[in-house]
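# Inside the fold
Each chain, letter by letter, is given below.
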Amino acid sequence: MALAQFPISTTPRTLSHLACAFSSIPFSLFIHSSLSSSPIQPIPPPHPPNTMSTATNTTARVQKLRELMQSPEHNVTAFVIPSEDAHQSEYVAECDERRGYISGFTGSAGLAVVSLESAALFTDGRYFLQASQQLDSNWTLMKSGLPEVPTWQEYLVKNLPAGSRIGIDPLVFTATDASKLEVDLAKVGSSLVPTANLVDLIWEDRPARPASKLMILSTKSTGRTHAEKIEQLRKNLEKKSVAGFVVSGLDEIAWLFNLRGSDVHCNPVFFSYAIVTPDYTSLYLQEKSVSQEVKDHLGSEVAIKPYETIFDDLRAMSSSLKANNKKILLGSRTNLAMAVALGKENTVEARSPVTDAKAIKNETECEGMRQCHLRDSAALINYFAWLEEQLANGVEVDEADGAERLEKFRAEQAGFVGLSFDTISSTGPNGAIIHYKPEKPKAARINPDLVYLCDSGGQYIDGTTDVTRTLHFKTPNAHEKRCFTRVLQGHIAIDSAVFPDGTSGYLLDILARRALWADGLDFRHGTGHGVGAFLNVHEGPHGCGTRIAYNDIPLVPGMTLTNEPGYYEDGEFGIRIENVMLVRKADTPNNFGGRNYYGFEHVTLVPIQIKMIERSLLTHNEVDWINAYHAECLAKVSSFLAPGSPGLKWLQREAVSI
């Protein structure tokens, strides 16, 4: 699934004196609405999908927000509503979909700014088309990354009157973003005003915060116990000479403690915080999530505390840290409220060491990724065979029907837990909406005369999958074939790359675009992202794309990376080819400079449709790659398909030499 090419938030920077400036504000104001506004309830239904739809009428919501902004209690010129929750999650629970509620835009990435006279929605290239369809007349769409389009920070500084008061909820802003923004605003006499989340205060029937039962993972899946991971973290903290680390990322906590949940749709995580010091480990959980089995799993070395009490404990730590001249490490994506609770003088900031450790899979996790992708590939092959047969027989299948049938094929596979994201099942022009998700009754009928793009994935007990294939069920035209082939050439270039130790995905990205550029084509999303091991489908800190931040993280063996170049024509079609890969050591005849050289091992094994390829554009090496890939698909996946089944016949027909 494509990740943004241009991030909406700022690049992390050093924490400034912002925490001190806010220290006189009652902290209960910071946490009032976001942590305790809703009682714990059973898991809510999935959040609103990314779907092409008519715009939501937001007039009443925006008006109520502006009335609250003008009240004496708040008195702010503008209020900023990001997509993220208190844990800086990319995908959030329904109760945290504030930006979606106020704007009507349901994409996973974006930020809204509501002033007393205007409202602007900032999002990246994956969502330009979707946002243009979902925003009503109250909103101006700001296409982040395009020339002449300001960042949301520049917008606050340049488009609002000097001396403005900018309201933010410190629970959903990182300390680094707030620090930089405070400096920029001060240049025009404007200021940041921390407040309760004003969207929560106007949100009628806001969903309850979920509290799912937790799943315990054995070392058969994880390769290491949680005690071993915590011990490694403590050694890392000792090297950094810090007194402890506050873990706030939900996927980081799930990985660290070998636990999984279902509080966030398609993401096996649960609401939690953790503090790890040389002497103790505290895990903050919602009471309904904790069973006796979880307590036994964690053992006496991990103290389980109520989720909401993390801020009390951070404030209590503040005075002892100051007295002993010690500091706590905060990850660069920790929210501002936590930095304020600890006090800026008591913290140091860096990329989370848990994020770094989680990104490099051990051999057990790598093997789990290989095995789950074999089963997942079989499910996708069964689906394509079924869909092709239905369409050939004149059966009408809409995009949502297709997505539902694909999920059923996945559910037949061993170890299946759920989807890793909502299936992008898109026919013709809907394929140009990069994160499109069909929803009845608006889902289009899959038209065999048009290009069909299917981007989907599953969560399995031994890994997470993410795969895209683009098909045509009749005869593609010359333009569609040429575009597809240029995308395929970029895919092959990334898959075949060999590179020295220290190389980042930022440096490799050009390989995915070179063939497209030759035809004056390109795509507005990243080329690849990390994938969790039975965790979030988008995983950092590494990636492959034009984000300069990717250049800070070299690719090393054990990392996962998707390979997903694409091309999209609005109103016509979308093309994307995506595999998940493992970074591994390459076998090279030489070793210049005594450096290691690395390459990729693809674990997704689904044939690439031959009829979509314009063979005359391919080099001999590219033809050889396709033939070898198809031979590998046939050899490794056949045994996962029933003898004589439509899926096996489809594989045998499609996995051929070109």
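All figures in this text were calculated on a predicted structure; none of them were measured in a lab.

Here we come to the sheet that holds strand E24 (residues 560-563). An order of E21-E28-E27-E24 is seen for the four strands of this open sheet, with the pairing classed as antiparallel. In this open sheet, the two edge strands, each paired with only one partner strand, are strand E21 (499-500) and E24. Where E24 meets strand E27 (residues 579-585), four bridges bridge the pair, whose relative direction is antiparallel. Counterpart to asparagine 563 in the pairing with E27 is asparagine 579. Helix H16 (residues 363-392) rests against E24, E27 and strand E28 (597-602) of the sheet, and its axis sits at about 150 degrees to E27.

With that out of the way, let us pick up the pairing of strand E3 (residues 119-123). Each regular strand carries side chains that alternate between the two faces of the sheet. In terms of burial, E3 is a largely internal element, five of the five residues being buried. Neither face of E3 is open: one carries Ala119, Leu121 and Thr123, the other Ala120 and Phe122, and all of them are buried. Inspection of the sheet shows strand E2 (residues 111-115) paired to E3 by four bridges, in the antiparallel sense. The partner of valine 113 across the bridge, within E3, is alanine 120. Following E2, the chain reverses through three residues before pairing antiparallel with E3. Pairing between E3 and strand E4 (residues 140-143): four bridges, direction parallel. Bridging across to E4, phenylalanine 122 finds its partner in methionine 142. The parallel pair E3 and E4 is bridged by helix H5 (residues 128-134), and the resulting crossover is right-handed.

Where charged atoms from two side chains of opposite charge approach closely, those side chains can pair. Counted by the stated rule, this structure contains 34 salt bridges. Ionic pairing is found between aspartate 376 and arginine 410, a salt bridge with its closest N-O pair at 2.5 Å. Note that aspartate 376 is positioned in helix H16 and arginine 410 in helix H17 (residues 399-411), a separation of 34 residues in sequence. Looking at arginine 410, the relative accessible area reads 0%, which means it is buried. Linking glutamate 564 and arginine 576 is a salt bridge whose minimum nitrogen-to-oxygen distance equals 3.9 Å. With a gap of twelve residues between them, glutamate 564 in the loop between E24 and strand E25 (566-569) and arginine 576 in strand E26 (residues 573-576) connect regions that are remote in the sequence. As far as the burial class goes, glutamate 564 and arginine 576 line up, both buried. Three or more residues are tied together by salt bridges with common partners; here these are Asp96, Arg98, Asp200, Arg206 and Arg209.

What counts, and where the lines are drawn
- Residues numbered from 1 in each chain as written.
- Predicted model: local features only at pLDDT ≥ 70, side-chain atom pairs only at ≥ 80, totals over all residues.
- Heavy atoms only, no water.
- Pairing = 2+ DSSP bridges.
- Helix = DSSP H or I, 4+ residues; strand = E, 2+ residues; numbered from the N terminus.
- Contact = heavy atoms within 4.5 Å.
- Axes fitted to C-alpha atoms, helices over the stretch in contact; angles between N-to-C directions.
- Buried < 20%, exposed > 50% of the residue type's maximum accessible area, 1.4 Å probe, protein only.
- Right-handed = clockwise from strand over helix to strand, strands pointing away.
- Salt bridge = Lys/Arg side-chain N within 4 Å of Asp/Glu carboxyl O.

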